[in-house]
Protein chains: 2
Amino acid sequence: MAVNTQFSIAVHMMATLGVGCERNGEMTSSELAESVNAAPSFVRRVLSKLSKAGLVQTRTGKSGACSLAKKAKDITLLDIYEAVEAPKAFAIHSYPNQKACRVSCNIKHTMEKVLDKTQASMEQSLAGHSLAELVNEMKKP
Amino acid sequence: MAVNTQFSIAVHMMATLGVGCERNGEMTSSELAESVNAAPSFVRRVLSKLSKAGLVQTRTGKSGACSLAKKAKDITLLDIYEAVEAPKAFAIHSYPNQKACRVSCNIKHTMEKVLDKTQASMEQSLAGHSLAELVNEMKKP
DNA sequence: TCGTACTGTTATCTTAAAAGTAACAGTCTA
DNA sequence: TAGACTGTTACTTTTAAGATAACAGTACGA
């Protein structure tokens, strides 16, 4: 896997915290790691980003734990996407700025404009879904 | 670079063919490769996909060449995106289907639903731009 | 107050996918 | 029929993601 799964893992973690079967939504990173099926250290790294973005609260020290920092309905998938700094959907290849060809000279800028729009529309779609939606969906029998 | 630049390269190639400065839009793969600044063989591989998707015409044999198979205005960026089979914008991490946890059991399906929507909105955005738009943009001084 | 059980961070190793490279088979035309 | 293309495949290199592990920092509680 060289594909980026951080976003998907982050959403899973947040959803797990949101459902919060045990101890009113508080879990340790190891518990989370087990639930998400990823390395504990990797989970902690993602957790750290989520925490810096103000999406989860953490308590250090003995009996430390993590929990959502806001209500699930106030967290969108875009928040999570931005928090984990997932890579852009598209990459533009690099040019050494070709000599005389008009295409090479202009395409980069043109491409960027189009891809930015596309990226924006994707992010808007993510913004349209709250974590609460997922949690509710998952609480169904 | 482990990021996928095939889409961006394909668009560049198509745009170059669309502008078609020389020989009414016909170019050899080596010319294209030079213009796009990528390995000729890689260009040919991408070209092959575009050709299979019916976006470019190729002529084999001596004095072979490539050109657009349709008018630029009838080719959308989505066509190109689909032709090169670029990876999905998001990947879902794999689970060994956790035991008792309701979250693990349901989240995969729920995530897929959401991410499919997101992917769709992105593709719709791509569908909204024709190659002709890019070409015109680039012909500007 | 000291050990313990956490979080948070960093450094290093492993792995997988993308792009680069090259070689060659197939095709056509001049 | 030789030469200049396309089309394909096999192999190598590169790079970024994820796994792993080790350790520093923090707070609780016995």
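In this text the structure is predicted, and so the values were computed from the model without any measurement.

Conventions used here
- Residues numbered from 1 in each chain as written.
- Chains lettered and ligands numbered in written order.
- Predicted model: local features only at pLDDT ≥ 70, side-chain atom pairs only at ≥ 80, totals over all residues.
- Heavy atoms only, no water.
- Helix = DSSP H or I, 4+ residues; strand = E, 2+ residues; numbered from the N terminus.
- Buried < 20%, exposed > 50% of the residue type's maximum accessible area, 1.4 Å probe, protein only.
- Contact = heavy atoms within 4.5 Å.
- Areas by Shrake-Rupley, 256 points an atom, 1.4 Å probe, with all protein chains shown as cover.
- Core = buried A, V, L, I, M, F, W, Y, C linked by side-chain atoms within 4.5 Å.
- Salt bridge = Lys/Arg side-chain N within 4 Å of Asp/Glu carboxyl O.
- Phe/Tyr/Trp six-rings, centres within 6.5 Å; stacked < 30°, edge-to-face > 60°.
- Axes fitted to C-alpha atoms, helices over the stretch in contact; angles between N-to-C directions.
- Parallel < 35°, antiparallel > 145°, perpendicular 65-115°, else oblique.
- Nonpolar A, V, L, I, M, F, W, Y, C, P; charged D, E, K, R; others polar.

Trainee: Which residues make up the overall build of chain A, and what values go with them?
Mentor: Of regular secondary structure, chain A possesses 6 helices and 2 strands. Taken from N to C terminus, the helices and strands of chain A fall in the order α-α-α-β-β-α-α-α. For chain A, with 141 residues in total, the buried portion stands at 48%. For chain A, the share of sequence-separated contacts (at least 6 apart) that also reach a separation of at least 24 residues comes to 65%. Carbon and sulfur atoms make up 50% of the accessible area of chain A, which totals about 7,100 Å².

Trainee: For the nonpolar core, give the residues involved together with the corresponding values.
Mentor: Counting 82 residues, the largest nonpolar core has A:Leu50, A:Ile80, B:Leu50 and B:Ile80 as the members making the most contacts within it. With near-sequence residues (within four places) excluded, A:Leu50 lies in contact with A:Ala10, A:Met13, A:Met14, A:Leu55, A:Val56, A:Ile80, A:Ala83 and A:Val84.

Trainee: Give me the lowdown on the pattern of salt bridges, citing residues and values where you can.
Mentor: All names here are of chain A. Here the structure, examined in full by the defined rule, presents 6 salt bridges over all chains. Notably, a salt bridge pairs Glu26 with Arg59, separated by 3.1 Å at the nearest N-O pair. With Glu26 in the loop between α1 (6–19) and α2 (29–36) and Arg59 in strand β1 (residues 56–59), this pair connects stretches of sequence that are 33 residues apart. Owing to a relative accessible area of 22%, Glu26 belongs among the partly exposed residues under this scheme. Judged by its relative accessible area of 43%, Arg59 falls in the partly exposed class. For Lys73, the salt bridge identified is with Asp74, shortest N-O distance 3.4 Å. Accessibility expressed as a relative area gives 55% for Lys73, which makes it exposed.

Trainee: Quick one: what's the story with unusual backbone geometry, residue by residue and with numbers?
Mentor: Residues and elements named next belong to chain B. For Asn37, which is not glycine, the phi dihedral falls at a positive 65°. Counting through the fold element by element, Asn37 comes out in the loop between α2 (29–36) and α3 (40–52). The exposure class assigned to Asn37 is partly exposed, which follows from its relative accessible area of 35%. Although it is not a glycine, Ser63 sits at a positive phi angle of roughly 55°. If you trace the backbone, Ser63 turns up in the loop between β1 (56–59) and β2 (65–68).

Trainee: Go over the environment of A:Lys70 with me, naming the residues and quoting the values.
Mentor: All names here are of chain A. Secondary-structure assignment places Lys70 in the loop between β2 (65–68) and α4 (77–83). Given the relative accessible area of 38%, Lys70 is considered partly exposed. Sequence separation of Lys70 and Ser48 is 22 residues, and the distance between their C-alpha atoms is 16 Å. For Lys70, the contacting residues outside a window of four places in its chain are Gly54, Leu55 and Ile75.

Trainee: Describe the side chain of B:Thr110, and please don't skip the residues or the numbers.
Mentor: Take B:Thr110: it is sitting in helix α5 (residues 102–127). When near neighbours in sequence (up to four residues on either side) are disregarded, B:Thr110 contacts A:Leu134, A:Glu137 and A:Met138.

Trainee: Can you break down the packing of aromatic side chains residue by residue, with the values?
Mentor: All names here are of chain A. With the rule as written, the count across this model stands at 2 aromatic pairs over all chains. Summarising the aromatic geometry, the rings of Phe7 and Tyr81 are spaced 5.7 Å apart at their centres and angled 80° between planes, so their arrangement reads as edge-to-face. Highlighted residues: Phe7 in helix α1 and Tyr81 in helix α4, separated in sequence by 74 residues. Of the two residues, Phe7 and Tyr81, both sit in the buried class.

Trainee: Which residues make up the packing of α1(A) against helix α3 (residues 40–52) of chain A, and what values go with them?
Mentor: Residue and element names in this part refer to chain A. Interhelical geometry of α1 versus α3 gives an angle of 80° and a closest axis separation of 10 Å. In this view, α1 runs roughly perpendicular relative to α3, as classed from their interaxial angle. Taking contact as the criterion, the partners of Gln6, Ile9, Ala10, Met13 and Met14 in α1 are, on α3, Phe42, Val43, Val46, Leu47, Lys49 and Leu50. The class makeup of the residues in the contact of α1 with α3 is 9 nonpolar, 1 polar and 1 charged.

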